[in-house]
Amino acid sequence: MSSYVVVQNLAKSFGDTKVFENINFVIEKGEFITLLGPSGCGKSTLLRCIAGLNSVTSGGIMVEGQDITDLPPQKRGIGMVFQSYALFPNMTARENIAFGLKIRGETPDQIEKKVKEVIDIVELHGREDHLIDELSGGQRQRVALARALVTRPRILFLDEPLSALDAKIRKRLRYLIRQVQKDMGLTTIFVTHDQEEAMVMSDRIFLMNNGSIVQSGTPAEVYTHPVNEFAAGFMGNYNIFDERLSADYFGLKSGLKSAVRPEAIFINEPSDKVPCLERPVPGKIVFKQLLGNVVRYSVKTEGTEVSVDLLNSHDKVYEEGDNVQLYFSRDEINELRAG
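Parameters at a glance
- Residues numbered from 1 in each chain as written.
- Predicted model: local features only at pLDDT ≥ 70, side-chain atom pairs only at ≥ 80, totals over all residues.
- Heavy atoms only, no water.
- Helix = DSSP H or I, 4+ residues; strand = E, 2+ residues; numbered from the N terminus.
- Buried < 20%, exposed > 50% of the residue type's maximum accessible area, 1.4 Å probe, protein only.
- Contact = heavy atoms within 4.5 Å.
- Areas by Shrake-Rupley, 256 points an atom, 1.4 Å probe, with all protein chains shown as cover.
- Expected span 1.5 Å × (residues − 1).
- Polar contact = N/O pair within 3.5 Å; in protein donor to acceptor, adjacent residues only side chain to side chain.
- Salt bridge = Lys/Arg side-chain N within 4 Å of Asp/Glu carboxyl O.

(A) Structural view of the overall build of the protein chain. A tally of helices and strands in the protein chain yields 9 helices and 18 strands. C-alpha extents for the protein chain along the principal axes are approximately 75 × 45 × 40 Å. Among the 339 residues that make up the protein chain, the fraction classed as buried is 49%. Restricting the contact set of the protein chain to residue pairs at least 6 apart, pairs at least 24 apart contribute 65%. On the protein chain, roughly 16,600 Å² of surface is accessible, and the fraction owed to carbon and sulfur atoms is 48%.

This is the structure:
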């Protein structure tokens, strides 16, 4: 069976400025895919090209076996949610949601039924007859989501829809979006620069940098096995060790840099749950930071400064100035390819 979405050799330039090139990937029906990366990496432009809001310079886009590369947006069967909401302020929430159905010429009874269904889905009860300016930011984003869902799109596109909201509302809405997506079986492409959002919402992450997809995989794969220094630096608080330290500390003979997560390092005694390298690295604690249920220690070694995350346990507390031994999880030492 062919894949639901196929992107082949896609490239986009604005004049002499290249945004991305040679983009290739497939998406299966019902998958939640996140385009993750820093500002300016090309992720939003890639989304807009797939949605038909920007033309492509070269390459092709197939959905359900149909070539949609040159189709206008309204013929692609997409639903789009923007960061800016893009709602009509002179309309109520209900009227905003119904707008696309009216444009399509659906009957009042059909519109009423479909609008009621999505109002239930996005939990807007009691606010549907309020004007947009009378709604909170989170409620407005629910209206924008409902408007995209009510037309039953083939693909749902979400362009940084949560970035303007406060942390508590963001967490609630990302849970809601993911539940709605699963319940409806919607193929979804989500754009964000927030690693936590990508980790908790995605089936797969496409990590982008400088117009290229540098790594793709499940959240666990991308987080625990970064392929290069950019991926390690962007996905978490990895410790990056140069070629010399990789050889001295870990015995690597590849001539490559390596990366180790702070939670894969142990102080003064190896873990009894995961195998560790037998030879510890000596160091001195130079800084301690409480991060809720985790304590982050900065440990100065002969060659570098290492971050170590330990659970906040009262029976194992180290202080600045303590001389310690660092034990590294054997299976968590990632060799980083060049680039």
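(B) Inspection of helix H5 (residues 167-184) at higher detail. In this model, H5 (18 residues) spans 26 Å end to end at C-alpha, consistent with the 26 Å of a helix rising 1.5 Å per residue. Turning to H5, its buried residues are Arg170, Leu173, Arg174, Leu176, Ile177, Arg178, Val180 and Gln181. Of the surrounding elements, those touching the buried residues of H5 are strand S3 (32-36), helix H3 (108-121), helix H4 (137-149), strand S7 (155-159), strand S8 (187-192) and helix H6 (195-201). With a side-chain oxygen lying 3.2 Å from the backbone nitrogen of Lys168, the N-terminal cap of H5 falls on Asp166. Where H5 terminates, the next one or two residues include Gly185, which has phi positive at roughly 65°.

(C) Just the pattern of salt bridges, in detail. For the coordinates displayed, the defined rule picks out 21 salt bridges. For the salt bridge of Lys18 with Glu21, the shortest nitrogen-to-oxygen distance reads 3.0 Å. With its nearest N and O atoms 3.9 Å apart, the salt bridge here joins Arg94 to Glu128. Pair noted here: Arg94 is in helix H2 (residues 93-103) and Glu128 is in the loop between H3 and H4, with a separation of 34 residues, a long-range link. For Arg94, a relative accessible area of 32% translates into the label partly exposed.

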